[in-house]
Every structure is written in structure tokens, then in C-alpha cells.
Amino acid sequence: MLAEIEGQWSLDDAGNVTYQRIVELGGLSKNEIYSRGLNYFLYDTENAPQELTEDKELGRIVAKGFFDNVHSSSVFLDYTNFHCLNLIRIDAKEGRARILLTLTGYETEVGDASNNPPFIGTTKLSQEFPINPSGRSKTMMGKAFYNSHLKALETLERLAKAINDGNTSTILENDDW
């Protein structure tokens, strides 16, 4: 699985996996791009932001979120769910948008069939396999990373489409209503 996605992601200076997408938007102003980027987070149900920071003057939006259940495993009555923590940054300027999506870590939920609350812990992505070749649970973390990568690409695609076409449709989001 990991060989299939090799070369499709890169590490930033902090050891996080970061994706970049530049979207050329010819006729759109900085404010229109900013507004569409901000509205994306109202319509996005798969990676709803936990925190959202806006700076209209700079044209920057930063959202902190997570991809739910990127990998799950169970043995008898015990289960482990992995959620991938991420940051999405949108920089808007006249006719262009830059989208940065950074995978920062995992939230791990470990529990059993009893009614006891699960244990929840977090780790940095850079500490886990495959970023760290010595990381724990190569099979589980490899699957969690692979699925996180696919979610990141899917999110980039949806976000670029929302900024380009609007969040509902180009027909509904025109100014002639």
C-alpha cells in the first residue's frame, strides 16, 4: 500500500506530512476566494474544523481538524481507532489560492466492550511509521497513514472545487439573484 503512494507526499521542516495545491482562479477576487474558502468549512461534514482562525486582510484561513477513523482494528472485545489530526491553511490573493494541508498526528482511541470510557492518546505523525521507520506497529500505522493520505487528497480536491465553483453550484452562487 505504501509503495503505491510513494512520492505523493512530502515532509515539512517540522517532520509533518504537508500537501500543497495552487488553484488558479482567473476572474475571482481575493475576497471572493476568501469567502468561498471560509464557506467550505460550513459545508464540509467529513473534516469539520475543531478550531478556525480567520484573517480577512491577509486572506488567510487556518482550520484545525481531524479525519475520523482512518484505521480501526479489533481483537476479541478490544478495539483501537485511529483519527488523523490535521491543519488546513488557505491563502487567497487576486485570481489564486494556495491550499496547504498538513497531517500533524494521530489521536488513538483504545477501548473494550465494557462500559468504561476508552483511553485516548495523541502522538505526532513524525514519531510513527512510515515517517519514522522505527515507529511502532508498522502494519496498523502503515494503514492509518495510507488512509490519511487518501483523505488528504480527497479533501484537497473537494476544497479546490469549492473555491473554484462555490460550495453549492455555480448556478446557485451567482450574484444575479
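Everything numeric here is computed off the predicted structure, so don't read it as measured data.

### Considerations on the packing of helix 2 (residues 30-43) against helix 3 (residues 138-165)
- Where helix 2 contacts helix 3, the two axes come as close as 8 Å, and the packing angle between them is 135 degrees. Regarding the angle of helix 2 to helix 3, the classification is oblique. Note on packing geometry: the crossing formed by helix 2 with helix 3 is right-handed. Along its contact with helix 2, which presents Ile33, Arg36, Gly37 and Tyr40, the element helix 3 presents Thr155, Arg158, Leu159, Ala162, Ile163, Asn164 and Asp165.
- In the contact of helix 2 with helix 3, the residues fall into five nonpolar, three polar and three charged.

### Describing the packing of aromatic side chains
- Counting across every chain of the model gives three aromatic pairs.
- Both rings, one in Trp9 and one in Phe145, keep their centres 5.0 Å apart while their planes meet at 75 degrees; by these two values the pair is edge-to-face. Here Trp9, found in the loop between helix 1 (2-5) and strand 1 (10-11), pairs with Phe145, found in helix 3; they are 136 residues apart in sequence, far enough to count as distant.
- An angle of 80 degrees between the planes, with centres 5.3 Å apart, marks the rings of Tyr40 and Phe41 as edge-to-face.

### Structural notes on the environment of Ala160
- Tracing the backbone shows Ala160 in helix 3.
- Residue Ala160 is classed as buried on the basis of its relative accessible area of 10%.
- Separated by 120 residues in sequence, Ala160 and Tyr40 have C-alpha atoms that sit 9.6 Å apart.
- Not counting the four nearest positions on each side in its chain, Ala160 is found in contact with Arg21, Val23 and Ile99.

### Re the pairing of strand 2 (residues 17-24)
- Bridging between strand 1 and strand 2 involves two bridges; their strand directions are antiparallel. Paired with Leu11 across the strands is Val17, a residue of strand 2.
- Two successive antiparallel strands, strand 1 and strand 2, enclose a turn made up of five residues, where Gly15 displays a positive phi of approximately 85 degrees.
- Strand direction decides the pairing type here: strand 2 and strand 6 (residues 96-111), joined by eight bridges, are antiparallel. Its bridge partner being in strand 6, Thr18 is matched across the sheet by Thr102.

### Focus on the side chain of Ser148
- By the element assignment, Ser148 lies in helix 3.
- With residues near it in sequence (within four places) discarded, Ser148 still touches Phe67, Val70, Cys84, Leu103 and Tyr106.

### Considering the pattern of salt bridges
- For the structure on display, the rule yields nine salt bridges.
- Arg96 serves as the salt-bridge partner of Glu24, at 3.1 Å between the closest nitrogen and oxygen. Within this pair, whereas Glu24 is found in strand 2, its partner Arg96 is found in strand 6, the two being separated by 72 residues in sequence.
- For Glu24, a relative accessible area of 53% puts it in the exposed group.
- When its relative accessible area of 32% is taken as the criterion, Arg96 is described as partly exposed.
- Across the pair Arg89 and Asp91 runs a salt bridge, and its minimum N-O distance is 2.9 Å.
- Given a relative accessible area of 25%, Arg89 falls into the partly exposed group.
- Taken together, the shared-partner salt bridges in this structure form one network comprising Arg60, Arg89, Asp91 and Arg98.

What counts, and at which threshold
Residues numbered from 1 in each chain as written. Predicted model: local features only at pLDDT ≥ 70, side-chain atom pairs only at ≥ 80, totals over all residues. Heavy atoms only, no water. Axes fitted to C-alpha atoms, helices over the stretch in contact; angles between N-to-C directions. Helix = DSSP H or I, 4+ residues; strand = E, 2+ residues; numbered from the N terminus. Parallel < 35°, antiparallel > 145°, perpendicular 65-115°, else oblique. Left-handed = near helix turned anticlockwise from the far one by under 90°. Contact = heavy atoms within 4.5 Å. Nonpolar A, V, L, I, M, F, W, Y, C, P; charged D, E, K, R; others polar. Phe/Tyr/Trp six-rings, centres within 6.5 Å; stacked < 30°, edge-to-face > 60°. Buried < 20%, exposed > 50% of the residue type's maximum accessible area, 1.4 Å probe, protein only. Pairing = 2+ DSSP bridges. Salt bridge = Lys/Arg side-chain N within 4 Å of Asp/Glu carboxyl O.

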